[in-house]
Amino acid sequence: MNTDEGGTVNLVSKEGDTYEVPIPVAKMSKLVETTIDEETDEDVQEIPLPNVKAAVLAKVIEYCTHYKSEPMTPIQTPLKSARIEEVVQKWYADFVKVEQVLLFELVTAANFMDIKPLLDLTCFAVAVMIKGKSADEIRKIFNISNDFTPEEEAQVREENKWCEQA
């Protein structure tokens, strides 16, 4: 298989949906890049992605395809702004304006597929979502139950009072 610039690879979602993707786009994923078999005689290789739902994979491919034509401005830390539009281009800011569930699935897919710029963008969007929120509000966002008793919670707040004084 000639994987230099031409050719395509089939990415297969958790549900078995197949997406034909140009190899340079697919190789944005380090997982895909290391999985592609340079020695195969097959015209088009299939790469199963059992952890990625079809709808999420379609969004990942949309991101990678756009990134190839207009690379995202790297997200610098410390962040110069908590507004996504002020850190990256408009297309990327709009890309992460999705339902919370889809955003979390994109974080998971970017991590699993090892696509660093997408992981940076989606984690930045999550950080913006929780910035300035109380512990209770963050628990609600992430669906985390509070396993502290009121006494334990008061003790933790007392021990960490210095954090909130900054």
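For the structure, see preceding data.
These figures come from a predicted structure and were not determined experimentally. (Residues numbered from 1 in each chain as written. Predicted model: local features only at pLDDT ≥ 70, side-chain atom pairs only at ≥ 80, totals over all residues. Heavy atoms only, no water.)

Glancing now at the environment of Val128. Residue position: Val128 is located in helix α6 (residues 116-130). Residue classification places Val128 among the partly exposed residues on the basis of a relative accessible area of 29%. Other than its neighbours up to four places away in sequence, Val128 contacts Ala82 and Ile84. (Helix = DSSP H or I, 4+ residues; strand = E, 2+ residues; numbered from the N terminus. Buried < 20%, exposed > 50% of the residue type's maximum accessible area, 1.4 Å probe, protein only. Contact = heavy atoms within 4.5 Å.)

Take empty space enclosed by the protein next. Following the criterion strictly, the structure yields one cavity of 30 Å³ or more and no others. Counted as a void, the largest cavity has a volume near 60 Å³. What lines the largest cavity is simply Leu11, Val21, Val25, Ala26, Ser29, Val32, Val60, Ile61, Cys64, Met113 and Ile115. Among the elements that take part in the lining of the largest cavity, helix α3 (residues 54-69) stands out by supplying three residues, more than any other. Its residues placed into classes, the lining of the largest cavity shows ten nonpolar, one polar and no charged. (1 Å grid on protein atoms, 1.4 Å probe; cavity = no way out; pocket = protein on both sides within 12 Å on 5 of 7 lines; lining within 4 Å. Points joined across faces, edges and corners; volume = space filled by probe spheres on them. Nonpolar A, V, L, I, M, F, W, Y, C, P; charged D, E, K, R; others polar.)

On to the state of the cysteines. Evaluation of the coordinates by the stated rule reveals zero disulfides. In this structure Cys64 is not part of a disulfide, and its nearest cysteine sulfur, from Cys123, lies 15 Å away. We classify Cys64 as buried; its relative accessible area is 4%. (Disulfide = S-S within 2.5 Å.)

So, to be careful, I would describe these as geometric facts and stop short of saying anything about function.
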